[in-house]
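Here's the letter readout for the chains.
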Amino acid sequence: MDSLIETSVAARVRAHAQQRPGKTALIVEDREVSYGLLWRASVDAARRISACGAGAGERVVLQASHTLAYVAAYLGTTLLGAVAVPYEHDLPDSAVAELAERVGAVCVMADHEVAGAPATLPLEASFDAEPASVLDDDPVPTAAAGDLAELLLTTGTTGRSKVVALSHRAVMSVITNIICATGIEEDNVSLVPMPLNHVFALRRLQTGLTMGATVVLINGVVSLKKVFGALKAYEVTSLALVPSALAFIERTTKDFLGKFAGQIRYVESSSAPLPSATRAWLRGVLPQSRLYNSYGCTESTACCMVEYSHRADDVACVGSPCATAEIKILDPASGEPLESGYGRVAIGGTGVMEGYWGDEEATAATLADGMVLTNDLGCLREGELYVQGRLDDVAIIGGNNVSPVEVEDEINRFDGISECACVKASDPISGDRLVLFVVWDDGDEDVRGARLTAYMREHLEAYKIPGEVHGLDAIPRTYNGKIDRKELARLIDGCGSARNSEGSAKQVHEEER
């Protein structure tokens, strides 16, 4: 795998187009795209980008979408040795123009003219060309492993997102980790429905293309008819989904996913903790499948992975360090390594970022001795990493450290709710307190509130029981599925209101305990 780390995704696609031009690379917009056609579209994108003045090291801002045009634009950009800067499809033009200025982009590729951008190239690609092998005059990827491949925006929920600079070596290191951990094969057909500017989805797309496999791209899981239609029509063998999407499929379809039990080889989740209840559901409906949960961040993705298919459940365990990764536990105060116990999780290896673009101060605060200093609280036991939430989220109650993730995992087992979120709040007397937000199932509010209270008293230590319970229509989440804890904290402080996926206001009401 060392040789893989020293190459690039574009170089791998070129090799597949040369060796097996007719093999299906992508299924997008209900059309099959061969490696030969993907390569032709990528070369065309590279030539248009080059004509716009972009060359090695120049930044090209890309509107991310589940289309051939976007994938070809990404590959065409990196084929030139330029740097891809993907952004969320629906980002306002003003924010796109600001991003382009921030990274000093030569041009923006989008499906419409972006006001204020230095130049806009149409994001387009044709399905009409015949699958063709690599031609003699096609460009050859020349970027070195240490050259920048991407600038990715972090998915913070408040403030200005940071811009993470990642080299080709870092990208290919993470892909290597995924290949080694999941055992993905060349004949795999993976379904990737998440946002393709986010590192989880982007790396799974790239992993499939690196392997010469097939990737099915659809935009989200809201249309379950489209999801299950794709599973059946294209004989999908692996799924990559965030935990909230898996929970949505479970709530909406119950055990319907089990109809594909003999077909799906593995399911991978990431981006947030996967509740025990969801793990148990997946084990039940897909008893023959390999089930994985990966851990990482934009600054160093898929650095640990756990297969929970046939092991005793512990939601805090995120598995062993992957092939190219290194994990250390540091004292949060001194930064010195800890021999045992919980501390700050630090991630090293060849998959870590170069730094934050244009922000030396943030880089110095996050990157030390080649390791990313996360804000996660964790420990190592017998070679596996256990994460108990964010350092800032951990509450100290009666002298005890309480992770909201631990509380959520237990309460998610209660059969009277659809989902929940626990957050730390301040208390004028005790310092910290816990507040629980739940989405109730149907039923009498007084009865279900009393049942939840009894359940918590039975299953949680007294200091872990939230002092308040609020009902919501839905738990607010970031666009990539993480619980938006900052939004919930604002609800507690009375500075805002939670919003559902359409953006309408939700009422919050306290349940009597």
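This text gives an overview of the structure that appears in the document. (Residues numbered from 1 in each chain as written. Predicted model: local features only at pLDDT ≥ 70, side-chain atom pairs only at ≥ 80, totals over all residues. Heavy atoms only, no water.)

Let's shift gears to the pattern of salt bridges. Evaluated as defined, the whole model comprises 22 salt bridges. The residue lysine 464 makes a salt bridge to glutamate 406 at a minimum N-O spacing of 2.6 Å. Residue lysine 464 is located in the loop between helix H13 (445–459) and strand E26 (468–471), and its partner glutamate 406 is located in helix H12 (residues 404–411); the two are separated by 58 residues in the primary sequence. Note that glutamate 461 and lysine 464 form a salt bridge whose closest N and O atoms lie 3.4 Å from each other. The exposure class of glutamate 461 is partly exposed, given its relative accessible area of 39%. (Salt bridge = Lys/Arg side-chain N within 4 Å of Asp/Glu carboxyl O. Helix = DSSP H or I, 4+ residues; strand = E, 2+ residues; numbered from the N terminus. Buried < 20%, exposed > 50% of the residue type's maximum accessible area, 1.4 Å probe, protein only.)

You can see asparagine 188 is positioned in the loop between helix H6 (168–182) and strand E9 (189–192). A relative accessible area of 1% means that asparagine 188 is categorised as buried. Ignoring any residue separated from it by four or fewer positions in sequence, one finds asparagine 188 in contact with Ala213, Thr214, Thr237, Ser238, Arg265 and Tyr266. (Contact = heavy atoms within 4.5 Å.)

Before going further, it helps to examine helix H2 (residues 9–19). Here H2 has its buried residues at Val9, Ala10, Val13, Arg14, His16 and Ala17. All buried residues of H2 fall inside an arc of 165° around its axis, so they share one side. Taken together, the buried residues of H2 touch helix H3 (35–51), helix H4 (68–79), H6 and helix H7 (199–211). (Arc of directions from axis to C-beta.)

Turning our attention to the state of the cysteines. Linking two cysteines covalently via their sulfur atoms produces the bond known as a disulfide. One pass over the structure, following the stated rule, counts 0 disulfides. The thiol of cysteine 322 is unpaired, and the distance to the nearest cysteine sulfur, on cysteine 304, comes to 6.1 Å. With relative accessibility at 9%, the residue cysteine 322 sits in the buried group. (Disulfide = S-S within 2.5 Å.)

Okay, the packing of H4 against H7 next. Running from N to C, H4 and H7 point in directions that differ by 80°, and their axes come no closer than 13 Å. Classified by the angle between their axes, H4 and H7 sit roughly perpendicular to one another. Of H7, the residues touching H4 (which contributes Tyr70, Val71 and Tyr74) are Leu202, Leu205, Gln206 and Leu209. Along the lines of polarity and charge, the residues of the contact of H4 with H7 split into 6 nonpolar, 1 polar and no charged. (Axes fitted to C-alpha atoms, helices over the stretch in contact; angles between N-to-C directions. Parallel < 35°, antiparallel > 145°, perpendicular 65-115°, else oblique. Nonpolar A, V, L, I, M, F, W, Y, C, P; charged D, E, K, R; others polar.)

Burial within strand E14 (residues 300–307) is extensive, with 7 of its 8 residues counted as buried. Inspection of the sheet shows strand E13 (residues 290–297) paired to E14 by 5 bridges, in the antiparallel sense. What sits directly across from tyrosine 292, in E14, is glutamate 307. The hairpin formed by E13 and E14 contains 2 residues between the paired strands. Where E14 lies against strand E15 (residues 317–321), 2 bridges are found, and the strand directions are antiparallel. Looking at E15, one finds that cysteine 304 is bridged to proline 321. (Pairing = 2+ DSSP bridges.)

By size, the foremost hydrophobic cluster in this structure holds 116 residues, and its most contacted members are Leu26, Leu38 and Leu257. Those residues in contact with leucine 26 that sit more than four places away from it in its chain are Arg31, Glu32, Val33, Leu38, Leu68, Val71, Leu205, Leu209, Val215 and Leu217. Membership of the second largest hydrophobic core comes to 19 residues, among which are Val402, Cys422, Met456 and Val469. (Core = buried A, V, L, I, M, F, W, Y, C linked by side-chain atoms within 4.5 Å.)

Moving on, we get to the packing of aromatic side chains. Given two aromatic rings, their pairing is described by the distance between the two centres and the angle made by the two planes. Under the defined criterion, the tally for this structure stands at 5 aromatic pairs. With centroids separated by 5.8 Å and ring planes inclined at 80°, the aromatic side chains of tyrosine 266 and tyrosine 292 adopt a geometry described as edge-to-face. Placement of the pair is tyrosine 266 in strand E12 (residues 266–269) and tyrosine 292 in strand E13, with a sequence separation of 26 residues. In this structure, tyrosine 266 and tyrosine 292 share a single accessibility class: buried. Within the aromatic cluster, the residues linked to one another by ring pairs are Phe228, Phe256 and Phe260. In this structure, lysine 162 is placed above the aromatic ring of tyrosine 356, and the distance from its NZ or CZ to the ring centre is 5.6 Å. (Phe/Tyr/Trp six-rings, centres within 6.5 Å; stacked < 30°, edge-to-face > 60°. Lys NZ or Arg CZ within 6 Å of the ring centre and 35° of its normal.)

Next up on the list: the environment of valine 439. Among the structural elements, valine 439 can be located in strand E25 (residues 431–440). Here valine 439 falls in the buried class, since its relative accessible area comes to 9%. On a C-alpha basis, the gap between valine 439 and alanine 474 in space is 5.9 Å, while along the polypeptide they are 35 residues apart. Non-local contacts of valine 439, meaning those with residues more than four positions away in its chain, are made with Ile417, Ser418, Glu419, Leu472, Asp473, Ala474 and Ile475.

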